[in-house]
Amino acid sequence: WYVFGKPIYAPAGGIVVDLQNGVPDNEFKGKSVSPPRMPPDTDPFGMGNYVVIDHGNGQFSMLQHLEQGSIIVRNGERVRAGQQIGKVGFSGNATFPHLHYAVMSSQKVQSAEGIPSYFENYRLYKGKNFIFVKQGRIDSGDIVESEK
């Protein structure tokens, strides 16, 4: 998988208010996903390893499915935009390695509302071609790469 183990950076400055770092990554057995055996209360919502950042003004970023043990920030730590926080993994309820990113109205993932988010300077892949996007939204299923 191209993305597995790639660095993940804080999308904006803020304070880390929640994280989970010990969920083992899934594996493939043939063409099927094989989740790790763990106690039922280890990852009850299937979020895998994650970081939640409070950006202020009621905006929180959630970055999910990180690689086990890759998170290098701590609860209560102030992070800056572009600071590495972990690596892309295959933990939680995932069918392939990827980063699940959302901006929310609360740090309580199960009750928060989603907030639209916009990105700058990225490549949007369309088959073998790509389009450079100066600013725009990313839709579910889009394949993108940062110009950073």
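Relevant structure appears above.
Below or above, wherever it landed, is the structure these notes cover.

Thresholds applied
- Residues numbered from 1 in each chain as written.
- Predicted model: local features only at pLDDT ≥ 70, side-chain atom pairs only at ≥ 80, totals over all residues.
- Heavy atoms only, no water.
- Helix = DSSP H or I, 4+ residues; strand = E, 2+ residues; numbered from the N terminus.
- Rg over C-alpha atoms; globule rule 2.2 N^0.38 Å.
- Areas by Shrake-Rupley, 256 points an atom, 1.4 Å probe, with all protein chains shown as cover.
- Lys, Arg positive; Asp, Glu negative; His and termini not counted.
- Charge placed at Lys NZ, Arg CZ, Asp CG, Glu CD.
- 1 Å grid on protein atoms, 1.4 Å probe; cavity = no way out; pocket = protein on both sides within 12 Å on 5 of 7 lines; lining within 4 Å.
- Points joined across faces, edges and corners; volume = space filled by probe spheres on them.
- Nonpolar A, V, L, I, M, F, W, Y, C, P; charged D, E, K, R; others polar.
- Buried < 20%, exposed > 50% of the residue type's maximum accessible area, 1.4 Å probe, protein only.

## Notes on the overall build of the protein
Item 1. Looking only at helices and strands, the protein has 0 helices and 12 strands in total.
Item 2. Element order for the protein, N to C, with α for helix and β for strand: β-β-β-β-β-β-β-β-β-β-β-β.
Item 3. Its C-alpha radius of gyration of 15 Å places the protein within 12% of the 15 Å reference for a compact globule of 148 residues.
Item 4. For the protein, the exposed area adds up to about 9,300 Å²; of that, 50% sits on carbon and sulfur atoms.
Item 5. Positive and negative charge centroids in the protein, built from 15 and 14 side chains respectively, lie 6 Å apart.

## So, the layout of surface pockets
Item 1. Taken as a whole, the largest pocket holds about 2,100 Å³ of empty space.
Item 2. Counting only elements with at least two residues in the lining of the largest pocket, the list comes to β1 (7-9), β6 (59-66), β9 (100-104), β10 (119-126) and β12 (143-146).
Item 3. Top element by residues in the lining of the largest pocket is β10. It accounts for 5 residues.
Item 4. Among the residues making up the lining of the largest pocket, the classes are represented as 27 nonpolar, 12 polar and 7 charged.

## Some words on unusual backbone geometry
Item 1. Positive phi values are uncommon outside glycine, yet N57 reaches one of about 55°.
Item 2. Along the chain, N57 turns up in the loop between β5 (49-56) and β6.
Item 3. Residue N57 is classed as exposed on the basis of its relative accessible area of 78%.
Item 4. Backbone geometry places H65, a non-glycine residue, at a positive phi of 70°.
Item 5. One can find H65 in strand β6.

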